[in-house]
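# Observations on the three-dimensional arrangement
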Amino acid sequence: MVNASSWEGRVSCAHNGAGAPATLPHALPGDRPVWPRDRVADMRHLKLEITLDVPAKTVRGTATHTLAPLNDGLRSITFDAMELHVTAVMAAGRPAPFENDGEHLRIDLGPGRPRGEAFDIAITYEATPRVGLYFIGPDDAYPDKPTQVWSQGQDEDNRHWFPAYDFPNDKFASEMIVTVPGHWFALSNGKLLADTPDRAGTRTFHWLQERPHSNYLVTLAAGEFSRIDASRDGLTIDYYVEPRDTEAGERTFKNTPEMVALFERVTGVAFPWDKYSQIVVRDFVFGGMENTSATTMTENILFDRKAARDFTSDPLISHELAHMWFGDLLTCRDWSHGWLNESFATYLEMLWDEQHLGIDEYRQGAIENTNLYLQERYRRPIVTNIFNAPLDIFDRHLYEKGSVVIHMLRGLLGDSLFFRSIQRYCCDNQERSVVTHDLAVAIEAETGRNLEWFFDQWVFKPGHPNFKVSWSWDQDAKLATVAVKQTHKTDDGTPVFRVPVTIDFRVARAKPSEFRVEITEPEHTFVFPLPRKPDVCRFDPHNFVLKELDFEKSVGELRLELRDGDDIAGRQAAAAGLGKKGGREAIEALETAVMGDRFWAVQAAAAKALGAVRTPAARDALMRSLAVRHPKARRAVVAALGEFHGDAGVFDALMPIAKRDQSWFIEGEANRSIGKLRLPASFDAIVANIERDSFRQVVRIGCVDGLAELREERGLNVLLAAARYGTPFQARPAAVAALARLVAYFDPRQKEVGEQFVEFLRDHDFRVRIAAANALKALGRPEFAGALEDMAKRELDGRGIRMGRENAAALRKGGQTSEEVRNLRDEFEKLRDENAKLRERLEKLEAAKSVR
């Protein structure tokens, strides 16, 4: 499963740096340890015979469970059954007494049943579910929306539309016999046994999933769809999209067969299910969901020809496909070990990039996932069972941090041992419920390496190392000395890390001299004999270690590393370092990198660094760099130009780009930067573009962000209109967030806008509700804490519950008010402006010296 915000964050973070350090604890008041559920029976088969009453948004039918007691004397059994109206229960063919409290269905089985003796329990019921099974259709605000029905079971929501043992530590075969309107198609798990038109004008589909899987993976998606066949080598591979979207579907999913072949090689296990289908639905509440053999995808996955220039949905497609092994075939025993599902799926995104685009794209994935993890608002162990609802831990730790931990594991073991270990883990644990220990056992069994220390610090403890590194050269002794300090705090449980790491030295463009060392203490001093003074020292080249690194270097060393380095992480860090240094030599080196580096992310980092310099020479370098060819690099140039507040020349350069460019993303970025310029003409320029339709509304989102950056009060009404229900849904959460940033500068409007945020807490779109909850926290007004607490009480989506609780607690506790945040922003920008002026004066002095 991918959260929509997580996927969008990963695919749009090309030139973002790490965020602010975490300040909040993960566990909230009232959170307690959540342990795996006890099992009283082995669930063996589920047969759902249901009919969809679409106008009534109701499902009715019978769920038949085949199960066998795990111990002698089973007298009763309890199923999860949220808001289900149960009318009858049959146990082993006889009526059985039952109690239904609206959450659980307790069935009296009479005399104790013997261990291992299988029998059926048939439950007749109906439900009008609020979550779990969603009935989507047009309304006055969105009259063109099609009618569809689809399910979303993870984490534990399938209990809202059929009675079940709804926890991941048991697996069973499943069968779906579903009756839908006659012109519809219905997709479920496994293979299609029958598709039968009925005299009543309906149609019944019979699906059978023979290989066992967990309850949250049972799926149903129904509506009017066109099928795209991409089968290969005896495996059915197909994609279902609305009839109008066939071309976009072919474009979007075309790499799926090649991904299947790669992941079979990586895992050593042939594709484990009867088919692989992907179906695109409206209003999906996640980015994608890896239902066994039948993944459900958000409509945002489909992209047009123009977007294809600098966008791909391959990260989401490869992630959900990877779950067919990591999550579906091998399933976390309980949610605390959910990283075994999500981190591996995120890591296999990187492996697909390596296969399809090259090793640097794989390494860039590690960089971006590290930055996304560092932006998380708290630190916690990857494995933790302290939460309120399972979705509380579906965060940057479970996805991005875990993927980088697996990347480190590959660096520690080397490719041969790493991939052998992954295959051993997959082969030994098929159809099992797994915990982290199973991975460690597989590694040790395959390689002889005991890595309990590795998992202890990286998975079972919070945080990551912060290294401060420096180096020096003793000419007489021909010795290089490297001092390493772990500077992070340890009072939150973050350990002093044991880190094997490479340090290397290079003279000119010669092959580096490499040394492998192990850091185990808060401070180390390493001494290395070398034949001559090196030009460059690198700590952890190729970025195998999850870390934050403070390594001060001279302009000369940074220039050499940026120009000659073979490590994209090192080159990006060198660009950032030069941006902090400033000066003529730094600017020249950065412009050369923007225009000439062989990897787009280094070009983007160099452009961002020029924006940080903020002098006329840096601006001129960026203006020339608008000619860079790679669209992601050019987008970074456009973003960096937004740092030159009040510059009319930059405005003139950005105006035509904001109106039309070969890239949707560059158009959006240009409107964002026009807002940052804060010129009198900026408002009209942005408003002229805000209604332009674009892929995923990226132009509109750039415009709403630009209005927030512009800081003009008249922008509030434009943003309120953009956030209104009925406007393009992709931009509505961004408009709410932009309102929160903008209204911070207009105290008299804060109560009015805050009350609108309270209204948004009840919006139909959960993304808008979450954006509104975060907006109220940003306002910093304690009187809105009650509204957030009410939200947490009525929400059914775990993400909404979490944000309501977390943000209400923050407001109750007190923190920075919007006025204080605004003043800090203003003070920071004033200091940046003063720093830029000082750099400009230094540039002029340097220029005068060079003339003399």
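These notes cover the structure that comes with them. This one's a predicted model, so the numbers in the text were calculated from it and none came from an experiment.

### Re the overall build of the chain
The secondary structure content of the chain amounts to 27 helices and 31 strands. A burial count over the chain gives 60% of its 852 residues as buried. Contacts spanning at least 24 positions in sequence make up 70% of the contacts within the chain whose residues lie at least 6 apart. Just so you have it, the chain exposes about 33200 Å², and 50% of that area is on carbon and sulfur atoms. With 111 positive and 126 negative side-chain charges, the chain shows a spacing of 4 Å between the two charge centroids.

### A word on the sheet that holds strand β12 (residues 172–181)
With mixed pairing, the eight strands of this open sheet are ordered in space as β6-β5-β9-β3-β2-β12-β15-β14. If you trace the sheet from one side to the other, it starts and ends with β6 (94–95) and β14 (191–197), each paired once.

### Re empty space enclosed by the protein
For the coordinates displayed, the defined rule picks out three cavities of 30 Å³ or more. The calculated volume of the largest cavity comes to roughly 60 Å³. Lining the largest cavity are V131, Y134, Q152, Q154, D157, V285, F286, L391, L796, D797, G798 and R799. Residue composition of the lining of the largest cavity, grouped by class: six nonpolar, three polar and three charged. Sorting the residues of the lining of the second largest cavity by element identifies β2 (41–53) and β12 as the ones contributing at least two each. Ranked by residue count, the leading element in the lining of the second largest cavity is β12, at three residues. Here the residues of the lining of the second largest cavity sort into five nonpolar, three polar and one charged.

### So, the nonpolar core
Ranked by size, the top nonpolar core spans 269 residues in total, and within it L52 and I121 carry the most contacts. Broken down by element, this core gets its largest block of residues, ten residues, from helix α14 (residues 600–613). Residues contacting I121, with those up to four places away along its chain left out, are A63, T64, H65, L67, I77, F79, V89, M90, A91, I107 and L109.

### Side note on the sheet that holds strand β28 (residues 513–519)
What the three strands build is an open sheet, ordered β28-β27-β30; its pairing is antiparallel. Both outer strands of the open sheet, β28 and β30 (536–539), are each paired with one neighbouring strand and no more. On average, each strand axis in the sheet is inclined to that of its neighbour by 20°, with strand direction left out of account. Sheet analysis places strand β27 (residues 499–506) next to β30, joined by four bridges and oriented antiparallel. In the sheet register, D504 faces β30, and the bridge partner there is R538. Packing of helix α11 (residues 555–564) onto the sheet brings it into contact with β27 and β30, and relative to β30 it is tilted by some 70°.

### Points about the packing of aromatic side chains
Per the counting criterion, the structure on display carries 35 aromatic pairs. Ring geometry for Y142 and Y725: centres 5.0 Å apart, planes at 80°, overall edge-to-face. Placement of the pair is Y142 in the loop between β10 (133–136) and β11 (148–151) and Y725 in the loop between α21 (715–723) and α22 (732–743), with a sequence separation of 583 residues. Given the relative accessible area of 15%, Y142 is considered buried. Among the residues examined, Y725 registers a relative accessible area of 28% and is labelled partly exposed. Pairing Y347 with Y362 gives two aromatic rings, centres 5.9 Å apart and planes at 85°, and the pair type is edge-to-face. Residue Y347 is located in helix α5 (residues 339–357), and its partner Y362 is located in helix α6 (residues 359–374); the two are separated by 15 residues in the primary sequence. When its relative accessible area of 1% is taken as the criterion, Y347 is described as buried. You can call Y362 buried: its relative accessible area is 2%. The rings of W471, F505, F515, F526 and F528 are connected pair by pair, giving a single aromatic cluster. One Lys or Arg, K553, reaches over the ring of F551 and ends 4.4 Å from the middle of that ring.

### Focus: the side chain of T370
Relative to the assigned elements, T370 resides in helix α6. Residues contacting T370, with those up to four places away along its chain left out, are V404, L546 and K547.

### Focus on the pattern of salt bridges
Under the definition given, this model contains 74 salt bridges. The residue D550 makes a salt bridge to K468 at a minimum N-O spacing of 3.2 Å. Here D550 is found in strand β31 (residues 548–551), whereas its partner K468 is found in strand β25 (residues 466–474), with 82 residues between them in sequence. K751 is the partner of E755 in a salt bridge, and the nearest nitrogen-oxygen pair spans 2.5 Å. A residue pair is termed a helical-turn pair when its members lie 3 or 4 positions apart in one helix, as E755 and K751 do in helix α23 (residues 750–760) at four residues. Members of the salt-bridge network, linked through shared partners, are R37, D80, E156, R159 and D166.

### Some points on the environment of E552
Along the chain, E552 falls in the loop between β31 and α11. In terms of polar contacts, E552 uses its side chain to reach the side chain of K581, at 2.5 Å.

### A word on helix α8 (residues 415–428)
End to end, α8 covers 20 Å across 14 residues, agreeing with the expected 20 Å (1.5 Å per residue, within 8%). Taken residue by residue, α8 has F418, S421, I422, Y425 and C426 as its buried positions. Summarising the axial view, the buried residues of α8 lie within an arc of 130°, below the 170-degree limit, and thus occupy one face. Those residues of α8 that are buried are in contact with α3 (256–267), α5, α7 (397–413), β24 (433–434) and α9 (436–447).

### Notes on the pairing of strand β3 (residues 58–69)
Burial analysis of β3 places eleven of its twelve residues in the buried class, the great majority of the element. Taking the residues between adjacent antiparallel strands as the criterion, β2 and β3 are bridged by four residues, where K57 takes a positive phi near 55°. Of the strand pairs in this sheet, β3 and strand β9 (residues 119–127) are connected by nine bridges, and their pairing is antiparallel. Its bridge partner being in β9, V59 is matched across the sheet by A127.

### Considerations on the side chain of Q148
Within the secondary structure layout, Q148 lies in strand β11. Of the polar contacts made by the side chain of Q148, one reaches the backbone nitrogen of R282; its length is 2.9 Å. Ignoring sequence-local partners within four residues, the contact set of Q148 consists of Y134, F135, I136, W184, A222, F225, E242, V281 and R282.

### Quick look at a negative patch on the surface
Taken together, the side chains of E99, D101, E103 and D108 define an acidic patch exposed on the protein surface. With respect to the element layout, E103 can be found in the loop between β7 (98–100) and β8 (104–113). For E103, a relative accessible area of 43% translates into the label partly exposed.

Cut-offs applied
- Residues numbered from 1 in each chain as written.
- Predicted model: local features only at pLDDT ≥ 70, side-chain atom pairs only at ≥ 80, totals over all residues.
- Heavy atoms only, no water.
- Helix = DSSP H or I, 4+ residues; strand = E, 2+ residues; numbered from the N terminus.
- Buried < 20%, exposed > 50% of the residue type's maximum accessible area, 1.4 Å probe, protein only.
- Contact = heavy atoms within 4.5 Å.
- Areas by Shrake-Rupley, 256 points an atom, 1.4 Å probe, with all protein chains shown as cover.
- Lys, Arg positive; Asp, Glu negative; His and termini not counted.
- Charge placed at Lys NZ, Arg CZ, Asp CG, Glu CD.
- Pairing = 2+ DSSP bridges.
- 1 Å grid on protein atoms, 1.4 Å probe; cavity = no way out; pocket = protein on both sides within 12 Å on 5 of 7 lines; lining within 4 Å.
- Points joined across faces, edges and corners; volume = space filled by probe spheres on them.
- Nonpolar A, V, L, I, M, F, W, Y, C, P; charged D, E, K, R; others polar.
- Core = buried A, V, L, I, M, F, W, Y, C linked by side-chain atoms within 4.5 Å.
- Axes fitted to C-alpha atoms, helices over the stretch in contact; angles between N-to-C directions.
- Phe/Tyr/Trp six-rings, centres within 6.5 Å; stacked < 30°, edge-to-face > 60°.
- Lys NZ or Arg CZ within 6 Å of the ring centre and 35° of its normal.
- Salt bridge = Lys/Arg side-chain N within 4 Å of Asp/Glu carboxyl O.
- Polar contact = N/O pair within 3.5 Å; in protein donor to acceptor, adjacent residues only side chain to side chain.
- Expected span 1.5 Å × (residues − 1).
- Arc of directions from axis to C-beta.
- Patch = residues over 30% accessible without salt bridge, like charges linked within 9 Å, V, L, I, M, F, W, Y side chains within 5 Å.

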